[in-house]
Amino acid sequence: MLARWLRRLRAHFRGEALDRELQDELRSHLDMKADELEASGMSPEEARRAARRRLGNMTALVEEGREAWRFAAFDRTIQNVRLGVRALAHSPGFALAALLSIALGIGATTAIFSVMRGVVLRPLPYADPDELLALGEKAAEQELPVSYPDFVDWKAQAQTLRDLAAYRNESFNLTGTGDPERLETLAVSETLFATLGAKPRLGRDFRPEESAPGGPTAAILGHAFWRRRFGGSEAVVGRTIQLNRRDFAVVGVMPPDFAFGGPADIYVPLGLFRERLAERGRDAGVLVVARSRPGVGLDAVRAELATIQARLRAQYPDALAGRQVVAAKLHHHLVENIEPTLWMLVAAVGLMLLITCANVANLLLERAWARRKEMAVRSALGASRSRLVQQLVVESLLLFVAGGLLGWVLAGWSVDLLVGLAPGGLPRATTIAVDGGVLGFTLAASTVVGVVFGLVPALQVSRPDLNELLKESGRGATGHRQRARRWLVAAELAMTAMLLVVCGLLGKSFLRLEGVDPGFDAGRVLTMQISIPAAKGDGPRLAAFFQELADKVGGLPGVRSVAFSNGLPFASANQVPVEIEGRPPAAGEARPLAALYVASADYAPAMGIEVRRGRGLAATDARDAPRVALVDEVLAQRLFPGEPALGKRIRVAIPAQASEPALEIVGVVEHVKNRDLDDATPTLPELYLSLDQVSLASLPAFVRRMNIVVRASGDPLLLAEPVRAQVAALNGDQPVFNVRTMADRVDETLAPRRFAMLLVSLFAGIALATAMVGVYGLIAYSVLQRRREAAIRMVLGARARDVVALIVGDGMKVAAAGLALGLAGGLFVTRLLGSLLYEVSATDPMTFAAVAAILAATALVACWIPARRASRVAPMVALRDE
């Protein structure tokens, strides 16, 4: 029993609390001791008191032992840290190389995690964000804004939703207070802020009467605009500002972290546009956000909205033909376009981190093996294996935690660069930050990888064999360690191969996409926008304004042609249904949609769009001339399959054009890619109408942002200020904005793919360099261990090239194993890249062959350098060193 009690006491010294079994044993011991004392002549009471005193002494001894163990454990930890710092200080080259590798790997991982956390993982900053939904409509697989009357009906009939709100992007011209300025505006229903659970920082929300026709006009300022334009003065609430020549009372200011619907300068009631939005089924619709009732799932909401929409289609077959409701979680809706790219980058940077850690583990293994005699001496002096493992793991942790902190600093510098490189409109970019949560992630990641990759060398050398250490040398002494290093290097090469395959596929896809013909000549074309607050009766005045502006800009030096259009490729353009005159669609049949461009006569020449058949728009296509239209080849084939389109008559099937004469097709132009170069979003056919024949007032769906298109003979950006000056000379209250070249607009469509390709290329480059350092280190150390063998071979007549071939062949076996594993893994990984590839197969043999050649060539160089150096050492020198 005493031996068992001592075992329990030793466990207690290790920090374990007294349990019931130990207490029972102590009580039993107390009873036995009391019996012994009573048998020696003591009274029962005296014997019991004496036994209790002894028990108290034992308990005090146990508590003292536990405190001593705790102090000793703390002291051992401090001692391990001190020894670890001292050991690393004695090897500054090793410590610096390992720190930089770890900092680079963990810094890149932390930066990508920061972006991922801010964009995807962090909940939306609204009340009960899981209840928020984004609602929309689609027809023929094309997403459409929600028809405003449909929104009103959904709001009245839906029982699974407790709140619905609508909004749309607009623009206003601010005048009367300093320089004229174009403002990004969000027109919102009076329930939007309440649906989101947001409140103005200053002032109040919109009132119902401010959305009613003829009601008072009110505006709420965005926080950034309030600070920039009004200096953050709280006195702005209650003031009046002039927007599009109308007075608006400022009733509030939004908080700085509110950015729903994109950054907005100002918010106005959606009711101001009710007349323009009144036609059901038209393109000028709204975006809808809703809040589901507690406990109601997304499937139930979709089912109810589908039932409501079916009733509406039966009631309004012409307006809603083919229109269906789509519903998604608001969070998913906001990030769905960028989320696959971010997850792919997380996987890529994770591979790079593993490669870096494997390389550091190789360095640790090599260093630990060099200290095996030290470990043997410490073991002989009584150090336990656990103590040796603790010491080596603490050194690894010191490296990884210090490298992680350095990586956290690097991540802070890198996040701004990542956000700047990210494609335009990165959702929730304001929430991306390297904060305390990211620091916690960095330290946790550093600790985990420090322990995992520190254990490998620690377990290798913590059980030294004195007999082996007394031997001079030999391959048997290093075989087990060499196998571990070979597997680590092979794993590095395998992961590098996977990254290179992904990089190669993305690069080849990007080059293919860059070579796509967009359907127009984007070179030397300058575009800028003006926002026109149109009203009935403005037609003649606006026509005169455009004509005079065209004459003045056309006379500037370096201008070849100038034109105007309501839309541009890769920018806003209305979608309108088109039908053939005299051929109304059958019941339930959807009319084809086309992107509508209302343009001046010189638009096609200015944009470099080729007229394939017939003629283009001309100055003679005036208001009182027969109405004409141009169609692209896609729309011509869709409307008149197998027939010539020239001379046919069509209509824009919206109520505002019902009373207008039909349009005669006078020309067929080449199709212009108007959404994406790769047509990831289904492209729309195009319809072109003459600006002189369509007034703003007669076409309510017309986008009131008019584009000025200037084709230059030189650098188009040099014309930006002269054109701006001509606009100001004609109308001092007219702001000019969004000044960009068409080449920049085309380049912007490639931004998501370029972003992914650049980062994966960076990770792959770092991984390749790291893996090659690993191969070089493996072969160099192998050469050092086999110098005697090489010397004996050369003494026996082997030539230098034979020794080089032997060593290189040994290293290439490792490279071949890693390459085979990597290419096999690449076949699986690249199947997840489907949405990011363009006209490139995920198993493209040329890419895989190129990766194999690159890795094989670099591995060959990494093996050849130390092998060549070993072959030049004189045999007698090598044997004397041994």
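See the structure printed just above.
None of these values were measured; they are calculated from a predicted model. (Residues numbered from 1 in each chain as written. Predicted model: local features only at pLDDT ≥ 70, side-chain atom pairs only at ≥ 80, totals over all residues. Heavy atoms only, no water.)

## So, helix α21 (residues 742-749)
What counts here: Exposure is judged per residue with a 1.4 Å probe applied to protein chains only, and the accessible area is read against the type maximum: over 50% gives exposed, under 20% gives buried, and values in between give partly exposed. Helix and strand definitions here come from DSSP, where helices need a minimum of 4 consecutive H or I residues and strands a minimum of 2 consecutive E residues; each element is numbered from the N-terminal end. In this description, the arc belongs to the directions extending from the helix axis to the C-beta atoms.
The set of residues buried in α21 consists of Met742, Arg745, Val746 and Thr749. One side of α21 holds all its buried residues, which, seen down the axis, span an arc of 95°.

## So, the packing of helix α5 (residues 148-157) against helix α8 (residues 298-315)
Selection rule: Axis geometry follows a simple rule: fit a line to the C-alpha atoms, using only the stretch in contact for helices, then measure angles between N-to-C directions, giving values from 0 to 180 degrees. Should an angle fall under 35 degrees it is taken as roughly parallel, and over 145 as roughly antiparallel, whereas 65 to 115 is taken as roughly perpendicular and any remaining angle as oblique. Handedness of a crossing follows from how the near helix is turned relative to the far one, being left-handed for an anticlockwise turn of less than a right angle and right-handed for a clockwise one. Two residues qualify as a contact provided that any one of their heavy atoms is within 4.5 Å of a heavy atom in the partner residue. Under this grouping Gly is polar, as are all residues other than the nonpolar Ala, Val, Leu, Ile, Met, Phe, Trp, Tyr, Cys and Pro and the charged Asp, Glu, Lys and Arg.
Between α5 and α8, the shortest axis-to-axis distance is 11 Å and the interhelical angle comes to 125°. Taken together, the axes of α5 and α8 lie oblique to each other. In this structure, α5 meets α8 at a crossing whose hand is right-handed. On α8, the residues touching Asp150, Asp153, Trp154 and Gln157 of α5 are Glu304, Leu305, Ile308, Gln309, Arg311 and Leu312. Of the residues assigned to the contact of α5 with α8, the class counts are four nonpolar, two polar and four charged.

## Structural notes on unusual backbone geometry
Backbone geometry at Asp128 places phi at a positive 45°, although glycine is not the residue there. Along the chain, Asp128 turns up in the loop between α4 (92-121) and β1 (132-139). Look at Asp128 and you get partly exposed, because its relative accessible area is 48%. Positive phi values are uncommon outside glycine, yet Arg245 reaches one of about 65°. Looking at where Arg245 falls in the secondary structure, it is placed in the loop between β7 (240-243) and β8 (246-253). Judged by its relative accessible area of 52%, Arg245 is exposed.

## Observations concerning α8
Spelled out, the test is: In this scheme, a helix's expected span is set at 1.5 Å multiplied by one less than its residue total.
Counted at 1.5 Å a residue, the expected span for α8 with its 18 residues is 26 Å, and the 26 Å between its end C-alpha atoms agrees. Within α8 the residues assigned to the buried category are Leu298, Val301, Glu304, Leu305, Ile308, Gln309 and Leu312. Summarising the axial view, the buried residues of α8 lie within an arc of 135°, below the 170-degree limit, and thus occupy one face. Opposite the buried face of α8, at more than 90 degrees from it, the exposed residues are Asp299 and Ala314. Its buried side turned inward, α8 meets β1, α5, β3 (161-175), β10 (287-292), α9 (317-320) and β11 (324-329).

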